[in-house]
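# Secondary and tertiary structure notes
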Amino acid sequence: MDVFNPIYSAILLQGVDASTNEALPTNGPILKIDNTGPNTAFVRLGNSSVAATTSDCPILINKTLYIARSPDISTNQYMAIICNALGTADANLITGYSNMHSLGFSPVAGATATLSATTTSSSASIGSLGDKIRVVNAGSAHVFVQIGTTGVVATYSSLCILSGEEIVISRGASGEDRIAAITGSGTATVYATPGYGG
């Protein structure tokens, strides 16, 4: 069982439709970020000039993301946040420690692929960096996803991700640089973020 031990919890970040950033406490290798809404937030760690885009790591409304900092905390002393719509996204940030290395996900900055999934399979590039892919279903329909190479197709026997849920998938064979998605009905926005751990 993953246990998160908080040590600092005094930051509230508010993302708007333009990127804002905030200095982070230097203690704690794991960041627990709760998106309290009302829009999807996208976050990125970096230095004092870091800026987030909608190609960064998404956090759905009322969901939590655990991010593992790099061992050199000086390279990510700030967190930038932006939301996906006009308005705001509020994020509560807590730093801490975990007894399990699998708790934190380290996203590849600016590498999130966005798919508009429909009842016909479509795919997008997820690059070659990272050993894991964090897939977020931001839609109201269930989504089926498949990781692969050029020509990958998702089918109804592919991995199912329920509406509003996320999963971290290990890359299988080397060279898997695409993700495909399909819905059973309707449409859904799917975010796929390559990274490490989680």
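Fair warning: this is a prediction, and the values are worked out from it, not measured in the lab. (Residues numbered from 1 in each chain as written. Predicted model: local features only at pLDDT ≥ 70, side-chain atom pairs only at ≥ 80, totals over all residues. Heavy atoms only, no water.)

### Some points on the pattern of salt bridges
For clarity, the cut-off: Salt bridge, as used here: a side-chain nitrogen of Lys or Arg that lies within 4 Å of a carboxyl oxygen of Asp or Glu. Put simply, DSSP marks the helices as runs of H or I at least four residues long and the strands as runs of E at least two long, and each gets a number from the N terminus on. Working definition: with a 1.4 Å probe on protein chains only, accessible area under 20% of the residue-type maximum means buried, over 50% means exposed, and in between means partly exposed.
Counted according to the given criterion, the structure contains 5 salt bridges. Across the pair Asp56 and Arg44 runs a salt bridge, and its minimum N-O distance is 3.4 Å. With Asp56 in the loop between β4 (41–46) and β5 (57–59) and Arg44 in strand β4, this pair connects stretches of sequence that are 12 residues apart. Judged by relative accessible area, Asp56 falls into the buried class, the value being 1%. One salt bridge in this structure joins Asp131 and Lys132, with 3.7 Å as the shortest N-O distance.

### Some thoughts on the environment of Gly28
Structurally, Gly28 is set in the loop between β2 (20–23) and β3 (30–37). With 66 residues separating them in the primary sequence, Gly28 and Ile94 have C-alpha atoms 8.9 Å apart.

### So, the sheet that holds β4
Across a sheet, strands are paired by hydrogen bonds formed along the backbone, either parallel or antiparallel in direction. Going by this rule: The pairing criterion for strands is at least two bridges between them, as found by DSSP. Axis lines are fitted through C-alpha atoms, for helices just across the contact stretch, and the angle between N-to-C directions can take any value from 0 to 180 degrees.
Read from one edge of the open sheet, 4 strands run β2-β7-β4-β5, paired in antiparallel fashion. Unpaired on one side and paired on the other, β2 and β5 mark the two borders of the sheet. In this sheet, adjacent strand axes meet at a mean angle of 30° when their direction is disregarded. In the sheet, β4 pairs with strand β7 (residues 78–83) via 6 bridges, with the strands oriented antiparallel. Along β7, the bridge assignment pairs Ala41 with Cys83.

Structural measurements only, silent on function.
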